[in-house]
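Given next are the chains, with one letter for each unit.
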Protein chains: 2
Amino acid sequence: MDTPAPALPPHPTEDVTEHVGYRLKRASAALRTAMDKALREHDLTVPQYSCLELLDQQPGLSNADLARGTFVTRQSANVVLRGLKEAGLITRPATTDQGRALPVHLTPAGKQRLHTARTAVYAIEERMVNAIPGKRLTALLKDLDTMAEALGE
Amino acid sequence: MDTPAPALPPHPTEDVTEHVGYRLKRASAALRTAMDKALREHDLTVPQYSCLELLDQQPGLSNADLARGTFVTRQSANVVLRGLKEAGLITRPATTDQGRALPVHLTPAGKQRLHTARTAVYAIEERMVNAIPGKRLTALLKDLDTMAEALGE
DNA sequence: TCAGTCATGTCAAAATGCTGACATGGATAC
DNA sequence: GTATCCATGTCAGCATTTTGACATGACTGA
């Protein structure tokens, strides 16, 4: 009798909390909570911060671009942008010559706010990164990417 | 002149999309979307499914327990439970002898619904798991856990 | 006994996000 | 040219989730 091993079933445990999905959600929720708390002191929400960060690196992104980049719908992104404009952190033309996409840019105030908030956020990410063996970091990043792609329709 | 290397900075890239937080969010969002789509055919939302799954493994959990287990507030969990009760998938006493916590249980219909929906969800998780080198799965699970703990105050 | 603390359940209001729908500008096929 | 398709921005309505607040039951320490 030698079936090589009890052959851990494809879905190993009956304990949901052992599943990848659960762990993923848990880690993600923890990050979200930590960022939320940290950003509150800078009067920013997580989606707002995410938009600022993307705009800092790629000025001129459109609403739809930002929606894709922050993993929400165009409609949700639109609301975020309205808030950021209201706060004077971004500019957005009412019209454009070419196409429909309206390019968004950070104002000086926007850059300022982002730069101060960033230190708080980076401190959080540092806590995360330092907690895992440096050796595995790149593998972790790759695996997260791989999973995301495997699910992308 | 021989600084040993460009000495990859503690926060390696200026590209946000390379950060762990971004990848985490991306993977989590992809999973959420996939589950949402799959569960819709079973008339369940992701939080509803999560509650059913937890209750199947640990009958008698309270609303607060489920809130912690699904990473939402007590108030949100309460709304979810109301929906599940409305749909006849769970039972929840109006009062209790001991304490305030009201134990929730699955109805036969609840178990039934869970079992059919589960196959759809497991198929998704399978896509995820199969995409990553089996060797790294346990390390990945551990790292996700480690990160969550590192952030939990 | 009794005051203080904690966890639970719940109400109300606000914020946030999504689905569905529509109009417009651009690109493409014919 | 024109018909079709796609991406964008936006409106409206609905669902979900959170924050803030309050009352209740249980435990603890004085």
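Quick note: structure is the one above.
Residues numbered from 1 in each chain as written. Chains lettered and ligands numbered in written order. Predicted model: local features only at pLDDT ≥ 70, side-chain atom pairs only at ≥ 80, totals over all residues. Heavy atoms only, no water.

Undergrad: Hey, could you go over the protein's contact with DNA strand D for me, with residue numbers and the actual values?
TA: Taken together, the neighbourhood of DNA strand D is formed by 24 residues, with Ala-64 and Arg-100 of chain A together with Gln-75, Ser-76 and Arg-100 of chain B sitting nearest. Within 4 Å of the protein, the contacting atoms of DNA strand D are drawn from sugar and phosphate to the extent of 55%. Asn-78 of chain A is positioned with one of its side-chain polar atoms (N or O) 3.3 Å from a phosphate oxygen of DNA strand D. Gly-99 of chain B is positioned such that a nitrogen or oxygen atom in its backbone is 3.0 Å from a phosphate oxygen of DNA strand D. Residue assignment for the surface near DNA strand D shows that the elements contributing at least two residues are α3 (63–70) and α4 (74–86) of chain A together with α4 (74–86) of chain B. Class assignment of the residues belonging to the surface near DNA strand D gives a composition of 5 nonpolar, 10 polar and 9 charged. (Near = heavy atom within 4 Å. Polar contact = N/O pair within 3.5 Å; in protein donor to acceptor, adjacent residues only side chain to side chain. Helix = DSSP H or I, 4+ residues; strand = E, 2+ residues; numbered from the N terminus. Nonpolar A, V, L, I, M, F, W, Y, C, P; charged D, E, K, R; others polar.)

Undergrad: Account for the relation of the copies chain A and chain B, with residues named and values stated.
TA: Turning chain A through 180 degrees and shifting it by 0.0 Å along the axis lays it on chain B, with an RMSD of 0.1 Å. Those values place the two copies in the arrangement expected of a two-fold rotation axis. When the interface residues of chain A are mapped onto chain B, 98% of them again fall at the interface, so both copies present the same face. (Least-squares fit on C-alpha atoms with pLDDT ≥ 70 in both. Contact = heavy atoms within 4.5 Å.)

Undergrad: Just give me the short version of the side chain of Asp-143 of chain B, but keep the residues and values in it.
TA: Following the sequence through the fold, Asp-143 of chain B ends up in helix α6 (residues 134–151). Here Asp-143 of chain B falls in the buried class, since its relative accessible area comes to 2%. Not counting the four nearest positions on each side in its chain, Asp-143 of chain B is found in contact with Ile-132, Pro-133, Arg-136 and Leu-140 of chain A. (Buried < 20%, exposed > 50% of the residue type's maximum accessible area, 1.4 Å probe, protein only.)

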